[in-house]
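The chain contents come next:
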Amino acid sequence: MRRTPSSTYRVQLSSDFTFDDARRLLPYYRDLGVGWIYLSPVLQSVPGSTHGYDVVDPTRIDDDRGGEASFDELCRDAHRHGLGVLVDLVPNHVGVARPELNLWWWRLLEHGQDSPYAAFFDVDWAAGDGKVLIPVLGDEDVSEDGTIRHLRVENGELRYHDHHLPLAVGTAQSDDDPGVVLARQHYALRPWREESTRLNYRRFFGVSSLAAVRVEDLDVFEAAHTQVRRWFASGLVDGLRIDHPDGLRHPRGYLVMLADVLGGGYLVIEKILESGEDLPHDWPVHGTTGYEALGLIDRVLVDPVGAEELAALDQKLRGEPGEWADLLHHAKLEVARSVLAPEVRRLSRELALDLTDVVDDSLVSALEELLACFPVYRSYLPEGLQRLDDAVSEATRRRPELTDVIAQVRVLLSVPTHPAALRFQQTSGMVMAKGGEDRAFYRWSPLTSLDEVGGDPATLSIDVEDFHRAMGERLARSPDAMTTTSTHDTKRGEDVRARINVLAELPEWWAETLDALLQAVPMPDAGLGNLLWQAVIGCWPATADRLIGYAEKAMREASQGTTWTVPDERFEEAVHRAVQAAFTDEGVQRLVASAAEAVATLGWSNALSAKLVALTMPGVPDLYQGSELWEQSLVDPDNRRPVDFGHRCRMLRALETTGSQLPVRPTGLGDDGSAKLRVVSTVLRLRRDRPELFTGYQPVRAEGPAAEHVLAFDRGGLITVVTRLPAGLERRGGWGDTRLLLPSGGFSFRDALSGRRADPYLTSLLGCLPVAVLVKEP
């Protein structure tokens, strides 16, 4: 088995799509051209989990997904089909929503600080008066005298509604009041709203049901990786994708231990790189999972002039001027003061041990500001000290009254071994993720296709030369990193974004269309309306349930007119009514359908261009399940809907039967995606069977009146040719006599998509499809 995959195909496992279901599809994956299957988390998670990131027992394979025997057979059968196996691993945290399912957590609650598992978790015992604080009590369940309703002792456990909790030895007699029994435990039940104020254990972002573990400690590492060791010792698994390494106290130390287990196996990490940021050079990984590639692909296909007009439109709708940097800062400050306040206060307690002369409130304010100003997800001291200094400068500029406190804090946070410095690095990524991904991205809607991690939404586009430069650097620095266009975490599927990108070429048309929609069904927030109607147009046709679900998540994540914890019924009803009108109001339905139809064909052009670039650029292309056809999902859980693999199998067989026929350019909302399937299967097979075609990177230039509308590059025998800015190309009247300056040297090229010999004139070369795959012939 090749140590680096030619490509990967993400498979979302659940009780509805098990290891056996995936095993039955191995012939399809192989025929599609896939190199390795890429499995979502497989360890034992909470029963019914649709994602698998809430692992409760890392020593077992998940029963809902089929259990260990089925997993092993899937891996062995994949190898028999010539497919490698990549598994998504979750080292940062475990699921604790149901303590009875998690032995580590159960024993921690049962024995407290004396538990053999106490060191596995990151608990601030002093802040809880020696107890773990569990925020689960409902608003109506605590009486004025402190009595907790629905609390009972039953079957040797403490029960609260459907929560099962352990009892320390000798702490419960048959006639004891449940409240008295609770007071004797190593944990305390607290109101659920206190998860934003008094929580005393580290968690995954703001999710209190996911408790972080100290997996970089050797004992914890060994306990958490018994299955992983088995996989690689027996040759079942070929590589790992590591979820959220930024949450770890010592990411490099963990990755070094893990790389030793893998013995040279493929290892990629879910690390989000900001503009100008690289992975630490001494990490033993092949690269990231590819979000930075996604950002480059989208932006090279966006019209910069129209994007600026859309930015002005969005500011007008929101009624306030503003820059992305200020919006992001404000959102990060909000989460630091609310959902992540326990993490900030824990940091302040650690710093206060050395800064005894600083008032607590000033210390908290300084930390909040530094976290809001931190320019990347985190640093890895001593590497990244400049990022801290950048944050100090910006925080001081914004809060000059905190200058002295910030300076004192900076001294301690710059010491790589200081406990507060280590914790600050873990916390800054949480603030960036919750403030940026889960809040600011839902407030910024000039062009929502750019609201994805891996790129700065304020950078609306890049030119072709910038793209070529980035690809040269990528080939030199991380040639085996993943490239992706859709994942289980993207806010919009790749082809939704491709259609939305068209709006940057038609800004005046979009302004008129949006105005008509907002006039027909007013929304309480016009900026949010811009975001939602872009999503509707981008994924149309869709069902009402899908779009209403998306609208609810979008407005609550934005946390301006309503929130998850305090929903505003009137605000939400008004938004739902507007979205529902796309299905119940004939006038609105016509507006939506005609708008979607107007950009559909242009969107398919962008989609094929983006996909071909992703498949052929330096790196390992990753396909999200089902995206070999049009991928028009919205944010999770919408992107975890079942995939119709039977339909895809039939389409692939039909394509193989008619493969000698010229491909047909996709048009209109009803297109079946066969052109995309042709592009995907053709390139994946070339990637797998002819890797020598993908060893270099050289720009291929064009000359002529429409040269700006083509992006082309030579990977070492295979030339990618894609159309960019298709609406502008139409307005120009087509390619005219624009031609590619193909390499010379006594050889010719053939388009692997059409089978025709390559004509350098783009009118001919891109006559069937807006993209071409040119393979060198002797």
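In what follows, the structure referred to is the one given above.
Every value quoted in this text rests on a predicted model; they were computed, and no experiment measured them.

Rules used in this analysis
Residues numbered from 1 in each chain as written. Predicted model: local features only at pLDDT ≥ 70, side-chain atom pairs only at ≥ 80, totals over all residues. Heavy atoms only, no water. Buried < 20%, exposed > 50% of the residue type's maximum accessible area, 1.4 Å probe, protein only. Helix = DSSP H or I, 4+ residues; strand = E, 2+ residues; numbered from the N terminus. Pairing = 2+ DSSP bridges. Axes fitted to C-alpha atoms, helices over the stretch in contact; angles between N-to-C directions. Parallel < 35°, antiparallel > 145°, perpendicular 65-115°, else oblique. Left-handed = near helix turned anticlockwise from the far one by under 90°. Contact = heavy atoms within 4.5 Å. Nonpolar A, V, L, I, M, F, W, Y, C, P; charged D, E, K, R; others polar. Expected span 1.5 Å × (residues − 1). Arc of directions from axis to C-beta. Salt bridge = Lys/Arg side-chain N within 4 Å of Asp/Glu carboxyl O. Patch = residues over 30% accessible without salt bridge, like charges linked within 9 Å, V, L, I, M, F, W, Y side chains within 5 Å. Areas by Shrake-Rupley, 256 points an atom, 1.4 Å probe, with all protein chains shown as cover. Lys, Arg positive; Asp, Glu negative; His and termini not counted. Charge placed at Lys NZ, Arg CZ, Asp CG, Glu CD. Polar contact = N/O pair within 3.5 Å; in protein donor to acceptor, adjacent residues only side chain to side chain.

### Structural notes on the pairing of strand β1 (residues 8-11)
The alternating pattern of β1 places Thr-8 and Arg-10 on one face and Tyr-9 and Val-11 on the opposite face, and all of these are buried. With 3 bridges joining them, β1 and strand β18 (residues 620-624) adopt parallel strand pairing. Bridge assignment links Tyr-9 to a residue of β18, and that residue is Leu-623.

### Structural notes on the packing of helix α18 (residues 494-501) against helix α23 (residues 586-616)
Interaxial distance between α18 and α23 falls to 7 Å at its minimum, and their mutual angle equals 120°. With respect to their mutual orientation, α18 and α23 come out oblique. Between α18 and α23 lies a crossing whose hand is right-handed. Seen from α18, the contacting residues are Glu-494, Asp-495, Ala-498, Arg-499 and Asn-501; seen from α23, they are Ala-596, Val-599, Ala-600, Gly-603, Trp-604, Asn-606, Ala-607 and Lys-611. Class assignment of the residues belonging to the contact of α18 with α23 gives a composition of 6 nonpolar, 3 polar and 4 charged.

### Re helix α8 (residues 251-262)
End to end, α8 covers 16 Å across 12 residues, agreeing with the expected 16 Å (1.5 Å per residue, within 8%). By the burial criterion, the buried members of α8 are Pro-251, Tyr-254, Leu-255, Leu-258, Val-261 and Leu-262. The arc that holds every buried residue of α8, seen down its axis, measures 110°, which confines them to one face. Buried positions along α8 lie against β5 (84-89), α6 (218-224), α7 (226-233), β14 (239-242) and β15 (266-269). In the stretch just after α8, Gly-263 is the one whose phi turns positive, near 60°.

### A short note on the packing of helix α13 (residues 360-373) against helix α15 (residues 403-413)
Where α13 meets α15, the axes come as close as 10 Å, and the angle between the chain directions of the two elements is 70°. Here α13 is positioned roughly perpendicular relative to α15, judged by the angle of their axes. Read as a crossing pair, α13 and α15 show a hand that is right-handed. Note on element contacts: α15 touches α13 through Val-405, Ile-406, Val-409 and Leu-413, opposite Ser-362, Leu-363, Ala-366, Leu-367 and Leu-370. Partitioned by chemical class, the residues of the contact of α13 with α15 number 8 nonpolar, 1 polar and no charged.

### Considerations on the sheet that holds strand β22 (residues 718-723)
Read across the sheet, 5 strands follow the order β19-β21-β22-β25-β24 without closing on themselves; strand pairing throughout is antiparallel. The open sheet is flanked by β19 (698-699) and β24 (748-751), the only strands paired with a single partner. Both β22 and strand β25 (residues 771-777) contribute to a ladder of 5 bridges, which runs antiparallel. Residue Thr-720 lies in a different strand from β25, and its bridge partner there is Val-773. Its contacts with the sheet put α23 on β21 (710-714), β22 and β25, and the angle it makes with β22 is roughly 155°.

### What about the side chain of Asn-501?
Take Asn-501: it is sitting in helix α18. The exposure class assigned to Asn-501 is buried, which follows from its relative accessible area of 2%. Setting aside anything within four residues of it in sequence, one finds Asn-501 in contact with Asp-298, Val-302, Leu-447, Ser-449 and Asn-606.

### Remarks on the sheet that holds strand β17 (residues 482-484)
Across the sheet, which stays open at both edges, the 8 strands sit in the order β16-β15-β14-β5-β2-β1-β18-β17 with parallel pairing between neighbours. Bordering the open sheet on either side are β16 (287-288) and β17, each of which pairs with just one other strand. Examined bridge by bridge, β14 and β15 share 4 bridges and lie parallel to one another. Of the residues in β15, the one forming a bridge with Arg-241 is Val-268. Sheet contacts for α7: β5 and β14; angle to β14, the most-contacted strand, approximately 150°.

### Brief notes about the pattern of salt bridges
Counted under the stated rule, the structure contains 71 salt bridges. Across the pair Arg-190 and Glu-194 runs a salt bridge, and its minimum N-O distance is 2.9 Å. A salt bridge links Arg-198 to Glu-194; the nearest nitrogen and oxygen atoms lie 4.0 Å apart. On the accessibility criterion, Glu-194 (17% relative accessible area) is buried. Each of Asp-122, Asp-124, Arg-202, Arg-214, Arg-346, Arg-349, Glu-350 and Arg-423 takes part in one network of salt bridges that share partners.

### Comments concerning a negative patch on the surface
Taken together, Glu-309, Glu-508, Glu-512 and Asp-515 make up a surface patch of like negative charges. Residue contributions to the negative patch peak at 3 residues, all from helix α19 (residues 507-520). By the secondary structure assignment, Asp-515 is in helix α19. On the accessibility criterion, Asp-515 (42% relative accessible area) is partly exposed.

### Comments concerning the environment of Asp-145
Within the fold, Asp-145 resides in the loop between β7 (132-137) and β8 (151-154). A polar atom in the side chain of Asp-145 sits 2.4 Å from the side chain of Ser-143.

Purely geometric stuff here, so don't read any function into it on its own.
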